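Take a look at the letters that make up each chain.
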Amino acid sequence: MFSFDKRLWPILVLAKPMDEHKMNDQWTESISFIKRIQFTAVFDFNEMSNKNGLCNMYRNPERPTLQTERLFNENAGNLQELANKLGLPYDVKTVWIFANGRSDYFEEKPHLSRSGWHVSYSAGVCDAVSFFNQNFVIPKGRAVILVLLFSNDYDGLIDTFNEITRHFGWGPLVVIAEHQRIFYDFAEIIQQESKGDKEQLEKVSIIGMPWEHINSTITSLTGYDEKMNCMLPCSSGALVHVNEKIIDSLDNLSILSANQCENKKFKNIKDRKQFAREQELQFYKGKHVTWWNFYFENHVCERHTFHHLQERAQDLLLHAKEETRKIVTFTIAHEPGAGATTLGHKLLWHFRRKYRCCVIQKISETTISHIYSLWQYMENNTDESLPQPVVLLLDDIQTELSLTDFTILLNIEFRKRGLNKGMGCLLMICQREEKLTDYDYESQNVFFLRQELSHKEKTWFAEKFDELEQTGRELDDYNPKHLISIMIMRSEFNPEYIKNTITRRGVKVFVPLECCDELMGSKVCFWEDRLSSPLRILLIIEEKEQSSGRQVRIAHPSLGKILIIEIMKREKAQLADIAKECLNCSLLQSTSYGRNFLVDFTLEMLKRRKKEEYDDEKTTQFSPLILEIISESEDNFGKPAEILQLGFNKFKDYMLAQALVRLYSKWKRYDEAIRWAKEAVDLSSIHSLSYILHTYGLVLREKFRHLTNSNIFQPKDAIENLELILESLEVFLHAQRKRDDETDTQKLLYPFHDAIYTINEITKFLVENIKRSMDESDIVQYLKDKDFIPEEISNVWRKFHQRLKEMKEQGHNAFKVLEDNICFNTTFYAPEEAFRYNSNKLKEHRFYRSFHYGHERMLENFTKIYGEHEIDYQLESADQRSRDEFHRGRLWTLKGNSYMNIFNHIKNCGNKHLARQITDKLITIKKHIMAIEAKDSNDLANEICVNVVLGIMGGQHRDSESDILKTCQKIISASNEKVDLAYFFISMLLWPSGERKVFYDDSLLQRSLSYLKRNFKQQKYKSNVQKSSHVKEERNISQPTPQFFLAKGKGIKSLCHRWEIFVRENPDSQFDNSLWDHIKTKEKLRRLCGTTTTSSDGSSTYIVFKNKHGEPIRISKIRGTNKGYESEEEVSFYLGFSIAGPIAYNVKLMRYEQQSHGAFSQRELLLTTNSKVEEFMKSSKEDLQNMLLKIRGLEGKRPDYLKEREKQLIKDKDGIKEALDRLEMMSGEMDLSLID
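Quick look at the structure, then.

So, how was this worked out
- Residues numbered from 1 in each chain as written.
- Predicted model: local features only at pLDDT ≥ 70, side-chain atom pairs only at ≥ 80, totals over all residues.
- Heavy atoms only, no water.
- Helix = DSSP H or I, 4+ residues; strand = E, 2+ residues; numbered from the N terminus.
- Buried < 20%, exposed > 50% of the residue type's maximum accessible area, 1.4 Å probe, protein only.
- Contact = heavy atoms within 4.5 Å.
- Areas by Shrake-Rupley, 256 points an atom, 1.4 Å probe, with all protein chains shown as cover.
- Right-handed = clockwise from strand over helix to strand, strands pointing away.
- Pairing = 2+ DSSP bridges.
- Axes fitted to C-alpha atoms, helices over the stretch in contact; angles between N-to-C directions.
- Salt bridge = Lys/Arg side-chain N within 4 Å of Asp/Glu carboxyl O.
- Expected span 1.5 Å × (residues − 1).
- Parallel < 35°, antiparallel > 145°, perpendicular 65-115°, else oblique.
- Left-handed = near helix turned anticlockwise from the far one by under 90°.
- Nonpolar A, V, L, I, M, F, W, Y, C, P; charged D, E, K, R; others polar.

**A closer look at the overall build of the protein**
Moving on, step 1. Secondary structure summary: the protein contains 52 helices and 31 strands in total.
Moving on, step 2. In the protein, which comprises 1236 residues, the share counted as buried stands at 55%.
Moving on, step 3. Of the contacts made within the protein by residues no fewer than 6 positions apart, 73% connect residues no fewer than 24 positions apart.
Moving on, step 4. Counting only carbon and sulfur atoms, one obtains 48% of the accessible surface of the protein, whose full area is about 56500 Å².

This is how it looks when you write it as structure tokens:
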């Protein structure tokens, strides 16, 4: 039976109505079928349509774009760009074209006679018809065009009709006229102008049927529309009817009515049973679940997770008014095909009568306003009577925002609109995971759904199969074994069953629908209705949710891998052969817009490797597809190279060229790798050029290593190799200059890191691999002194002199950029907040981790050449500039040349054996700083740093706090570099804690805090945001790193450096929030009190610290907590100092603190903790170490599986560790670097 579904792209042509029609409500209602069909385009010949006509009455205000013919005329030469501008065909919208004038609030263009229309409008309207005939807008053969004749006003209509038949032919036309006179007048003109005959017109026309009957007939072809009878529950308990136009305006949401499915009328019981059976079988074949599957009994198996999920959701909803978070999320983490979508829909069905429920169709900023509109519709929004929360389901959808940004903006929307307390939304997220491991465990708001069934579920599937078999025997029209989806679930995802299914069915092809039209041949109209029986079983053809058209998919996700394996076995082919055939398939040359999706997915398979940045468990060099091809290839690179090159030749994608660089480099085919690197550079955009250049530099360096490995060269024989490694360095420097501010911060830093690494490689080569008569000291002097060139290499290396002598400054600049970025800011991987269920900690970026761990060695290798290592006795006779440069060189060697290096000395200050040596070294550093006569801002900053470090370590050779402040003000007055560092130290030294040793200047403190906040905002720390659901993208965030915490001492001793709390033992060491509860932290740091407050727009929460000596201080950065706070809450917190201003850590509500402490004083609490440590110290070191090993194993288990004594053992972890530390310290075996 014909129906208006998404296989069609409907176009509507509206004649100008008669005047009596416009005033006739009955007539306008009889045309209401217009709003039931999602038209791709409307050609409207009524200039008043948007004021008092059909456009005004029936267009969806969210979906249409109103245009005149001018747009198409102006863009006639660039139709693809016009399609992109209109959002076609991806966005579900209607282009409403005023084809003969427009008269409304936006534009005035007159309605013209036919001759005038030819002069003014004809060209644009004809261009519009041609535009919609393009295959990338409407696939060939899938248009249907309704022409509604309301009057004898044919001005422009006749010519547009002729243009339509010229482009589309007569096949898709349906002409409708209620009055025969109107139709035959129209037909007569067509005949007279030889554009068609009467017989042709009558074949495609409906003549003489009342518009009411037309309306009824066409409405029946659009299917049952629940929007006509949608009811929503209110907080009062009443149900309210929702106007259909309201529902249409909220088109980013699929709203579940409180009386969903209850209004459909059936002729009789048999008709109802038939309908129910069709809905059930479609679901079991693998189509998406519908509300009918819940309305009719026993279509859906009740999963074991549902009760836990429902109870948790119910608990959150019942206590919504006390909830501090406006948006509460919980996650169903699921393996593919395990039924999470069905489970989520079932939860909505459960709550539909009491709470407003909907499925989010698309995430964008518009979605946020839609959700708020749904929440407050027909509600009395007062503090006494808040609306109930909206229950939202978020599955695999199209997205313009990351989930994190979406929840933040949604939270802002509710606060901005006055929701000051209580929950506004319960957001349920289905998060697909390829495999849930045994180490993943459920939490309060995370529920797992694996590809496995409980005993009760197995019983349900067995009984359902028996029921289906009985029905099949009675009706003799289907076999339940052909219901793929339910059979895979029943077999509990058994790979052997899936394999046998594929073998029996013999499927070889699965492709997107739009791309198949050309493959199937233009004569095969709606070929999807003529699929063979095996294909009907294994393939699902369904409507797209967010764009016109249909899509083809495999009936169940578990079929995919087995299907490929079976094809390989039957065709005696390898995976590379299948990949090659896929790339050569004509589908990728389709002119249909569906090709774009197919190309995107194909590129992803070829190039998207696993990376920590994508929240993968590991980082690989190649995509899983290419890795699999490598594993089956005898020469390891021939076939994968062929596949990647074939893909590159088709798509010209720079990342495929980059993959070829890695492939050839891995197998030491460096010339090919370099050729592909140049190809990648040529194709790169401004956003990608820097890191593609970085790849190019790496392969040049790899070739240099390969050629020079352990070899010794005469200076003249080293020329080619020097040229190669210097080219590598220049490429890294080029990558630095081509950094793009919109690219993620960490990608900007790789070229700086590898520039230093390459400089060290060059200097090592010159010192160790060059056979020479001159001393090593001559080589070092040659590299440092711009005027010194040894005779031995004067001529032979003439072209290298300048390039080699520039390396010192290049290295200095690279270290500065790296240290300033890495020291003062931490970059984290940022998977969506709701998806991080197995840990509450963000993971630091691998570049950040490795730099901190490898920085010291890289610096030492650099300063072997460019530092100063002993006193130069001729220094006194040198000029002032030379003396200053010597002292600065000594600072590089002593690691006293920068903020980061000076404060890194604190890492080992807890070791009493090293503390004296460190102090002496810092005193030496200070002497060299003070010996510099012409100090620049960097020297002054180093002077401040070394004095602060000496003060923290208790040294007697430091300046006073007042002198340090004066030095800060010198830097500010110079207005060159390090101004932010000067204000940073001022903010700490002047913090109004009552323990200062300087005169308090409130205006200077406030100025410092304002500068730090403003300066940080101006810096660009970009992150990549995930924009679509089918492509993995890197998303990182950079946060200011706390450098110091407010401690309990006086003056400088009131500052606790971060290394005194957290020391990085290896590259994977992570900051652990549990340290706030550690006894040593509590003894060392000072807790402050403040009051929370919310910004006027509701977007941010601050803590206001009441300054007894001046203006209150607003702390805008809050870390180490996931809880939301109401305004005017009393809190306590630890204070961190960062280059972006103060940060509040470990924020706790004072009322909870008081309740938890009860009658115990802080002193008593400390004694209780200490008594446990004393008790553990009675155990042996071996016993304590075994306890910690046992705790490590227990921490990977689900909490609800732990016994009470095991839970207690985990709680005692810190006490056990402290007891072990004390025992090792007493025995002299401990590395004291972790002790304060």
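**Some details on the pairing of strand β8 (residues 173–177)**
Moving on, step 1. With four of five residues buried, β8 is to be regarded as a mostly interior element.
Moving on, step 2. Between the parallel elements strand β7 (residues 143–149) and β8, the chain passes through helix α9 (residues 157–168) in a crossover that is right-handed.
Moving on, step 3. Pairing of β8 with strand β9 (residues 205–207) involves three bridges; the strand directions are parallel. From the neighbouring strand, V175 faces β9, where its bridge partner is S205.

**Some remarks on the sheet that holds strand β2 (residues 41–44)**
Moving on, step 1. An order of β3-β4-β2-β1-β7-β8-β9 is seen for the seven strands of this open sheet, with the pairing classed as parallel. Only two strands of the sheet have a single neighbouring strand rather than two, namely β3 (64–68) and β9. Strand-to-strand twist across the sheet, computed as the mean angle between neighbouring axes with direction ignored, equals 15°.
Moving on, step 2. Examined bridge by bridge, β2 and strand β4 (residues 94–98) share four bridges and lie parallel to one another. When the bridges of β4 are listed, D44 appears paired with F98.
Moving on, step 3. Along the sheet, α9 contacts β1 (9–14), β2, β7 and β8; its crossing angle with β7, the most-contacted strand, is approximately 160°.
Moving on, step 4. Helix α10 (residues 180–192) contacts β7, β8 and β9 of the sheet and is inclined by roughly 140° relative to β9.

**Digging into the environment of G1110**
Moving on, step 1. Looking at the element boundaries, G1110 is found in the loop between β27 (1101–1105) and β28 (1113–1115).
Moving on, step 2. A residue is classified by how much of its surface remains accessible, and G1110, at 31% relative accessible area, is partly exposed.
Moving on, step 3. Taking C-alpha positions, G1110 is 5.7 Å from D1002, a pair spaced 108 residues apart along the chain.
Moving on, step 4. With residues near it in sequence (within four places) discarded, G1110 still touches Y1000 and D1002.

**Let's talk about the pattern of salt bridges**
Moving on, step 1. In this structure the tally under the stated criterion is 46 salt bridges.
Moving on, step 2. Here E642 ties to K580 by a salt bridge, and the two come within 2.9 Å at their closest N and O atoms. With a gap of 62 residues between them, E642 in helix α29 (residues 638–651) and K580 in helix α26 (residues 575–584) connect regions that are remote in the sequence.
Moving on, step 3. Using a relative accessible area of 36% as the deciding quantity, one classes E642 as partly exposed.
Moving on, step 4. Between D717 and K716 there is a salt bridge, with its nearest N and O atoms 3.4 Å apart.
Moving on, step 5. In the salt-bridge network here, residues are joined through shared partners; they are R70, E74, R102, D104 and E107.

**Overview of helix α18 (residues 365–376)**
Moving on, step 1. Helix length check: α18 (12 residues) gives 18 Å between terminal C-alpha atoms against 16 Å at 1.5 Å per residue, within 8%.
Moving on, step 2. The set of residues buried in α18 consists of T367, I368, H370, I371, Y372, L374 and W375.
Moving on, step 3. In the segment just after α18, M378 is the residue with positive phi, at about 55°.

**Some thoughts on the pairing of strand β13 (residues 327–334)**
Moving on, step 1. Among the eight residues that make up β13, seven are buried, leaving the element largely enclosed by the rest of the structure.
Moving on, step 2. Bridging between β13 and strand β18 (residues 425–432) involves eight bridges; their strand directions are parallel. In the sheet register, T329 faces β18, and the bridge partner there is L427.
Moving on, step 3. Summarising the sheet, β13 and strand β19 (residues 446–449) pair through four bridges and their orientation is parallel. Bridge assignment links H334 to a residue of β19, and that residue is L449.

**So, the sheet that holds β18**
Moving on, step 1. Taking strand neighbours across the sheet as the criterion, the six strands line up as β12-β14-β16-β18-β13-β19 in an open arrangement whose pairing is mixed. In the strand order of this sheet, the two ends are held by β12 (253–256) and β19, each with one partner. Geometrically, the sheet is characterised by an average inter-axis angle of 20° between neighbouring strands, direction not taken into account.
Moving on, step 2. The strands touched by α18 within the sheet are β12, β14 (357–360), β16 (390–394) and β18, with β12 carrying the most contacts at an inclination of about 20°.

**Comments concerning the packing of helix α32 (residues 689–708) against helix α33 (residues 719–737)**
Moving on, step 1. Between α32 and α33, the least distance of the axes is 8 Å, while the angle of their chain directions is 160°. It follows that α32 is roughly antiparallel to α33 by the angle criterion. With respect to the hand of their crossing, α32 and α33 are arranged in left-handed fashion. Contacts between α32 and α33 involve S690, L693, H694, Y696, G697, L698, L700, R701, K703, F704, L707 and T708 from the first element and N721, L724, I725, E727, S728, V731, F732, H734 and A735 from the second.
Moving on, step 2. Tallied by class, the residues present in the contact of α32 with α33 amount to 11 nonpolar, seven polar and three charged.

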